[in-house]
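Reading the structure
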Amino acid sequence: MVRKYVSIIGSGPSGFYTAHHLLQNVKVPLEVTIWERLPVPFGLSRYGVAPDHPNVKNCEDTFTDTVKDVMGKDSIHKFNFIGNCEVGKDIELSKLLSKQDAVVLSYGCATDRKLGIPGENDTTGVFTSRQFVNWYNGHPDFALHPKFMDFDWKSVKNVGIIGNGNVALDLARLLLSNNVDSIWGRTDISPIALNKLREAPIENVKLIARRDFPNSKFTNKELREMWLLEEYGVRGHIDSKFFTPEEWEMKEQVRSFRRCVDLCSEYVKPFELRSAKYKKLPQPTNGIFTKNWELDYLKTPLEILKDETTGYIKSLKLCNNTLTKANKVIPHEEETMSYEVDLLITSLGYKGSAMAGFEELGVQFDNAKVTNKQGRVLNTEGNEIPRLYTSGWIGRGASGVILATMTNAFKVADNILKDLNVLPTREGTSLPSLQNIRYTTWDDAQKILKFEQEKGEQVSKPREKLLTIEEMLQVVNK
Ligand SMILES: Cc1cc2nc3c(=O)[nH]c(=O)nc-3n(C[C@H](O)[C@H](O)[C@H](O)COP(=O)(O)OP(=O)(O)OC[C@H]3O[C@@H](n4cnc5c(N)ncnc54)[C@H](O)[C@@H]3O)c2cc1C
Ligand SMILES: NC(=O)c1ccc[n+]([C@@H]2O[C@H](COP(=O)([O-])OP(=O)(O)OC[C@H]3O[C@@H](n4cnc5c(N)ncnc54)[C@H](OP(=O)(O)O)[C@@H]3O)[C@@H](O)[C@H]2O)c1
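Every value quoted in this text rests on a predicted model; they were computed, and no experiment measured them.

Across all of its chains, the model carries 22 salt bridges by this definition. Its salt-bridge partner being D101, residue R387 comes within 3.7 Å of it at the nearest N-O pair. Of this pair, R387 sits in strand β20 (residues 384-390) while D101 sits in the loop between α4 (93-99) and β4 (102-105), and the two are 286 residues apart along the sequence. The same class applies to R387 and to D101, which are both buried.

Here it is as structure tokens:
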């Protein structure tokens, strides 16, 4: 039987789930190659998911098992990992496409949504959620970045986070529990970042949303974790003007929202007034709260003000807003206010960017994602580009948990399999030349991961990540 060749660009959950599904279901011998910009695999599972949620990263075991199966001696399939190699920069996309039966764009969304207000890009102490998350997760792009390393963490008491998605909650949870060793001490958080964060005498974290409570983006499990920080002397608040269940026709609401309202209705009460179910949960340590967080709503950020001498953030200027029936935000610029903050994180969501080489192939890239029809990439005329596919965040937009990413990847893989059955077999399929590229193989990547695990074991952590590409390559060269 003729072997088929599929290249997948990106080794995050979408890339690996696409590979997994292809390899599980293909009827002919298949060679899958996963290309990855970093020397090690797993994308946001490694560099996004919060370190105190290690179970979420179990998908990495599934991916590793997939590779083990393919590399086993009974397998008719083949697998290559080519890390430390950026498609679009080190390898031309058109060249790759001309040499494979199919190419899948699974390279995720690695830029930031922006507010577009004065002070956003040039004020010390203003970070995007992606930068911040990458920093504490030890991503080589940010792990040792001066923006974080030179920042005076000792001055951070009041924090503003714009947005209230689950990433905003990850950030708030970390900042408010920065000194709780039982949460962070045994995780794979970057120790350098943790030490810096520990210096910050954080007292207040405000989660600032442009819409109202019913439009909150977080999910219940993550919100509950915030309330449970009470155990560590951290108290949550929602102003009663924003939390108005009596106006929300609760019976008509979906179950998850009803639960969310129940949760908040109980937790905004003092401990002794809560129903029995909520009293079973950990009691606040001696009832004294040293830190506070607040869900704030219906605010539009207008400007970030800084100290002209130091360049450090001083405050965030905002105004009230209202929502139209169609949920459009109407700012009232005559009703302004100012929040004094020492640190501001814009947690507005991630954004995809076009890959170099899209123009040459005519790839349609709109709305920060690759335009596609069930994973088949469209050109600027709206026609399918033969053999080019997309899965995961870069094809769907930067939203959805790993499970949703998996479901999408499986559907795309099914379509690739259908097409592989009918597309004529390509002559001369091969990988483009890797000459002059210091790429890592799967074995190299495993060597790095093993090294990190062994380093972690010595301090009872799942791993201690290497923070630079140079260090990773040194381990490979050992
Ligand atoms: C901060 C954060 C926390 C999250 N926490 C959770 C959680 O707790 N639970 C949950 O279920 N979901 C969580 N998610 C969502 C989850 O991470 C996504 O659903 C999933 O990672 C999307 O997978 P992806 O493969 O599309 O993108 P990614 O995971 O971003 O993977 C893309 C990969 O492509 C690589 N790449 C990029 N450009 C190139 C190139 N040119 N050439 C080669 N490689 C390239 C990148 O380095 C990366 O490894 C979280 C998301 C974020 C942002
Ligand atoms: N534990 C977990 O399961 C977990 C953890 C982290 C992430 N994730 C998932 O990863 C995905 C991404 O999460 P995310 O938090 O980055 O994104 P998100 O859920 O899309 O939230 C983005 C937030 O930014 C706000 N926002 C966007 N543009 C804005 C603007 N111009 N001005 C003011 N506010 C603005 C949004 O408000 P509007 O709603 O008004 O647009 C929203 O509150 C989600 O699917 C999330 O569930 C899951």
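Still to come is the rest of the account.
In this section: the nonpolar core. The tendency in soluble globular proteins is for nonpolar side chains to be buried as a group. Membership of the largest hydrophobic core comes to 79 residues, with the highest contact counts inside it found for F132 and F213. By residue number, the principal contributor to this core is helix α7 (residues 166-176), which donates 7 residues. Counting contributing residues per domain, this core is built from domain 1 (4-110 + 352-440) and domain 2 (111-350), each supplying no fewer than three. Those residues in contact with F213, other than ones at most four positions away along the chain, are F218, I238, F242, F243, W248, F257, C260, V261, C264, L295 and Y297.

Strands sit in the order β11-β12-β13 across an open sheet of 3 strands; the sheet is antiparallel. Here the strands that pair on one side only, and so sit at the sheet edges, are β11 (299-306) and β13 (329-340). Strand-to-strand, the axes of this sheet are offset by a mean angle of 20°, without reference to chain direction. One ladder, built from 8 bridges, connects strand β12 (residues 313-323) with β13; its direction is antiparallel. By the bridge assignment, S315 is partnered in β13 with E340.

In the vicinity of ligand 1 lie 31 residues, with S14, E36, G400, I402 and T405 positioned nearest. P13 has a polar backbone atom sitting 3.4 Å from an oxygen atom of ligand 1. At a separation of 2.8 Å, an oxygen atom of ligand 1 approaches a polar backbone atom of G400. Here ligand 1 has 1,000 Å² of accessible area as a free molecule, and 89% of this is covered by the chains. If you list the elements that add at least two residues to the shell around ligand 1, you get α1 (13-25), α2 (43-47), α7 and α15 (402-422). The residue inventory of the shell around ligand 1, partitioned by class, reads 16 nonpolar, 11 polar and 4 charged.

Next up on the list: the domain arrangement of the protein. Split by domain assignment, the protein resolves into domain 1 (4-110 + 352-440) and domain 2 (111-350). On the domain 2 side, the residues contacting the 18 residues of domain 1 number 20 residues. Across the domain 1/domain 2 interface, buried area totals approximately 1,500 Å², and carbon plus sulfur atoms make up 51% of it. On the domain 1 side of the interface with domain 2, the three residues burying the most area are Y47, P51 and D52, jointly 39% of the side's total. Taken together, the links from domain 1 to domain 2 amount to 2 salt bridges. Here R37 and D141 are joined by a salt bridge, their closest N and O atoms 2.7 Å apart.

The next thing to look at is the UniProt feature "binding site: NADP(+)" (unreviewed entry) in the protein. On the UniProt side, "binding site: NADP(+)" (unreviewed entry) is annotated at positions that read N164, G165, N166, V167, R210, R211, E222 and G400 here. Looking at where N164 falls in the secondary structure, it is placed in the loop between β7 (158-162) and α7. With residues up to four places along the chain from it excluded, the contact list for N164 reads L169, A209, S216, K217, F218 and Y297. A polar contact of 3.0 Å, which involves the side chain of N164, links it to the backbone nitrogen of K217.

The next point concerns the packing of helix α10 (residues 220-227) against helix α11 (residues 255-267). Two numbers describe how α10 lies on α11: the axes approach to 10 Å, and their chain directions differ by 5°. Considering the angle they form, α10 stands roughly parallel to α11. Together, N220, L223, R224 and W227 of α10 and S256, R259, C260, L263, C264 and Y267 of α11 make up the contact between the two elements. Here the contact of α10 with α11 is composed, by residue class, of 6 nonpolar, 2 polar and 2 charged.

The probe, sized like a water molecule, is rolled over the atoms to show the empty space still left. Considering only enclosed or pocket space, the second largest pocket measures out at about 400 Å³ in volume. Lining the second largest pocket are 20 residues, and of these K57, E60, D61, Q453 and R463 sit closest to its centre. Sorting the residues of the lining of the second largest pocket by element identifies α3 (59-71) and α16 (442-457) as the ones contributing at least two each. The element that contributes the greatest number of residues to the lining of the second largest pocket is α16, accounting for 4 residues. Counted by class, the lining of the second largest pocket contains 5 nonpolar, 5 polar and 10 charged residues.

Reading guide: rules and limits
- Residue numbers here run from 1 along each chain, matching the order of that chain's written sequence.
- For naming, the first written chain is A and the first written ligand is 1, with later ones following in the order written.
- Given that this is a predicted model, residues contribute local features only at a pLDDT of at least 70 and side-chain atom pairs are listed and counted only at 80 or more, while totals for whole chains, interfaces and linings are drawn from all residues.
- Heavy atoms throughout the structure, all of them, feed into the side-chain values; hydrogens and water do not.
- The salt bridge definition used is simple: a Lys or Arg side-chain nitrogen within 4 Å of an Asp or Glu carboxyl oxygen.
- Put simply, DSSP marks the helices as runs of H or I at least four residues long and the strands as runs of E at least two long, and each gets a number from the N terminus on.
- Type-normalised accessible area, obtained with a 1.4 Å probe on protein chains alone, sets the label of each residue: buried when under 20%, exposed when over 50%, and partly exposed for intermediate values.
- Within this scheme, the nonpolar core is defined by two criteria: the residues are buried Ala, Val, Leu, Ile, Met, Phe, Trp, Tyr or Cys, and they are joined through side-chain atoms within 4.5 Å.
- These domain limits were set by an automatic method or by a database of domain assignments.
- Should any heavy atoms of two residues lie within 4.5 Å, those residues are considered in contact.
- Two strands pair under a simple rule: DSSP has to find at least two bridges between them.
- For helices, the fitted axis covers only the stretch in contact; all axes are lines through C-alpha atoms, and the angles between them, taken along N-to-C directions, range from 0 to 180 degrees.
- Put simply, a residue is near a molecule or strand once any heavy atom of it comes within 4 Å of that molecule or strand.
- Nitrogen and oxygen atoms within 3.5 Å of one another constitute a polar contact, given that in protein one can donate a hydrogen and the other can accept it, and given that sequence-neighbouring residues count only through two side-chain atoms.
- The Shrake-Rupley method, run with a 1.4 Å probe, gives the accessible areas here. Residue values count only the displayed protein chains as cover.
- Only Asp, Glu, Lys and Arg are considered charged in this grouping, and only Ala, Val, Leu, Ile, Met, Phe, Trp, Tyr, Cys and Pro are considered nonpolar; every other residue, Gly among them, is considered polar.
- Buried area, as used here, totals the accessible surface that two parts lose on assembly, with accessibility defined by a 1.4 Å probe and the loss added over both.
- UniProt positions are given in the numbering used here, feature names are shortened, and annotations may be inferred rather than shown by experiment.
- Reported orientations rely on four angle classes, namely roughly parallel under 35 degrees, roughly antiparallel over 145, roughly perpendicular from 65 to 115, and oblique for the rest.
- Method remark: on a 1 Å grid restricted to protein atoms, a set of points is classed as a cavity if a 1.4 Å probe fits but cannot get out and as a pocket if it is open with protein on both sides within 12 Å along at least five of seven lines; lining residues have an atom within 4 Å of a point.
- Grid points are joined across faces, edges and corners, and a volume is the space filled by probe spheres set on the points.

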